[in-house]
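# Fold and contact review
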Amino acid sequence: MDRASVGIMAFLAVSAAAVTVAYAQKDAAQDSIEAYREALQDGNPAELYEASGEELWKTPAGPKAASLERCDLGLGPGVVKGAYAQLPRHFADTDRVQDLESRLLTCMQTLQGKDPKPYIEASFTAPPKEEMNALAAYISGQSKDAPIAVTLAHPKEQAMYELGKRMFNYQGGPYDFACATCHGQEGTRIRLQELPYIPSAKGAAAGWSSWPAYRVSAGQMWSMQWRLNDCFRQQRFPEPVYTSDATIALSMYMAATANGATMKTPGIKR
Amino acid sequence: MGSPMKIRASVKDGVTEIKVLMGHEMETGQRKDANGAVIPAWFINEVTAKLDGKMVMQAQWGPSISKNPYLAFKVKGGKAGDKVSVTWVDNKGDTRTDEAAVT
């Protein structure tokens, strides 16, 4: 062996060691993020929003001075327990596939006589949306630990799923982005945030089962609609209309892919 | 008045652990709104906790505490059924007290 090849061998040995160290560090970093999340979980301020959401659910409001307690979220009028884990789904009365928030707007309109327009148009930090976020916190909390049961039994559910899958992979906008750009490969992350690989059952569950969530850095309770709206913004796509089919389709795609996983809502995020 | 606190307290091996979640804006007074006007400071500046009527913790807080603060601490003594009472006072003079039983 001449001197040059000994040098190369030594270099290779050193770089192999360096790679091992880097992997070990990555795991340690991951572990400490997990520990941080664990610590946050123990005093999730989402509980405060659940309490106000429950009050909103039970308090008569709107022109008809009715509460939402007779609202059918898919398991019959007034059944909240476990309902979120089975949304989105097709509703016969509206003949639409609806997610939680679009269904709530239906109930507000039919039971309470409220105009959904201000709820749709308000910014996510404005009072009408605060109501929606609190209701989402309460209702999703009533499905904590329930298995996700979203099937594609109805043709419209199937169509919504297919649309969601196309939306997920649709690439465009000034950045030539798609949902799949960030969420289409395994084991990636942005800064310290892992990016779930949505097309897999595990990845879809990581996303779907942890929203709505309280975001510690912003001190805000985010519903799934808000989360998706921000995904559109991050891709520099046109802003989707609140509770529009485009947003419900993406939810349907995620929920159906995550089918069978356990709900952990409301979640907590950095 | 403020929004209700969530209080949990449990006793193990003669030590009571008290966990409190408070709903409060905790505005620092350093931020500006969309029009550039300073958002006035609004934060909890005093927290006290009583276990079975006896003061066990007193804290002075400031604007560096997060929105919707979470506080957990341990106290020697206490038994199941004891009453835990937590009170906060903010810089606007608003105050709220909530209670829970030790489990």
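Not measured: the values here are computed from a predicted model. (Residues numbered from 1 in each chain as written. Chains lettered and ligands numbered in written order. Predicted model: local features only at pLDDT ≥ 70, side-chain atom pairs only at ≥ 80, totals over all residues. Heavy atoms only, no water.)

Here the focus is the sheet that holds strand β1 (residues 6–12) of chain B. Residues and elements named next belong to chain B. Strand order in the open sheet formed by three strands is β1-β2-β5, and the pairing between neighbours is antiparallel. Every other strand in the sheet has two partners, leaving β1 and β5 (70–76) as the edge strands with one partner each. Each neighbouring strand pair of the sheet contributes to a mean axis angle of 15 degrees, computed without reference to strand direction. (Pairing = 2+ DSSP bridges. Helix = DSSP H or I, 4+ residues; strand = E, 2+ residues; numbered from the N terminus. Axes fitted to C-alpha atoms, helices over the stretch in contact; angles between N-to-C directions.)

With that settled, consider the UniProt feature "domain: Sulphur oxidation protein SoxZ" (unreviewed entry) in chain B. Summarizing the sequence annotation, UniProt attributes the feature "domain: Sulphur oxidation protein SoxZ" (unreviewed entry) to residues 8–100 of chain B in the numbering used throughout. For the annotated span residues 8–100 of chain B, helix accounts for 0% and strand for 52% of the residues, and the straight-line distance between the end C-alpha atoms is 7 Å. (UniProt positions renumbered as here; feature names shortened; annotations may be inferred.)

Before going further, it helps to examine the side chain of Glu27 of chain B. All names here are of chain B. Of note, Glu27 is situated in the loop between β2 (15–21) and β3 (44–51). Assessed through its relative accessible area of 8%, Glu27 is described here as buried. Here the side chain of Glu27 touches Arg31 through a polar contact of 2.7 Å, side chain to side chain. If we ignore the near neighbours within four places in the chain, the residues touching Glu27 are Ile39, Pro40, Ala41, Trp42 and Phe43. (Buried < 20%, exposed > 50% of the residue type's maximum accessible area, 1.4 Å probe, protein only. Polar contact = N/O pair within 3.5 Å; in protein donor to acceptor, adjacent residues only side chain to side chain. Contact = heavy atoms within 4.5 Å.)

Moving on, we come to the interface of chain A and chain B. Counting residues at the interface gives ten residues for chain A, matched by ten residues for chain B. Together chain A and chain B conceal approximately 830 Å² of surface at their shared face, both sides included; 52% is due to carbon and sulfur atoms. For chain A, the biggest contributors to the area lost against chain B are Asp42, Glu47 and Leu48 of chain A; these three give 59% of the whole. Viewed at the interface, chain B and chain A are joined by two salt bridges. Measuring nitrogen to oxygen at the nearest pair gives 3.7 Å for the salt bridge that ties Arg8 of chain B to Asp42 of chain A. The tally of links from chain A across to chain B stands at five residue pairs in polar contact (both at pLDDT 80 or more). Residues belonging to the side of chain A that touches chain B are distributed by class as follows: five nonpolar, three polar and two charged. (Buried area = accessible area lost by both parts, 1.4 Å probe. Salt bridge = Lys/Arg side-chain N within 4 Å of Asp/Glu carboxyl O. Nonpolar A, V, L, I, M, F, W, Y, C, P; charged D, E, K, R; others polar.)

Right, let's get into the packing of aromatic side chains. All names here are of chain A. Here the structure, examined in full by the defined rule, presents twelve aromatic pairs over all chains. Arranged with centres 5.3 Å apart and planes meeting at 10 degrees, the rings of Phe124 and Trp226 form a pair that is stacked. With Phe124 in the loop between α4 (117–121) and α5 (127–141) and Trp226 in helix α9 (residues 224–234), this pair connects stretches of sequence that are 102 residues apart. Plain terms: the ring middles of Tyr170 and Phe237 are 6.3 Å apart, the flat faces sit at 75 degrees to each other, and that makes the pair edge-to-face. In this pair, Tyr170 sits in the loop between α6 (155–169) and α7 (179–183) while Phe237 sits in the loop between α9 and α10 (245–257), placing the two residues 67 residues apart along the sequence. Through successive ring pairs, a cluster of aromatic residues spans Phe124, Trp211, Trp222, Trp226 and Tyr242. One Lys or Arg, Lys129, reaches over the ring of Tyr242 and ends 4.1 Å from the middle of that ring. Residue placement shows Arg215 over the ring face of Trp222; its charged tip is 4.5 Å from the ring centre. (Phe/Tyr/Trp six-rings, centres within 6.5 Å; stacked < 30°, edge-to-face > 60°. Lys NZ or Arg CZ within 6 Å of the ring centre and 35° of its normal.)

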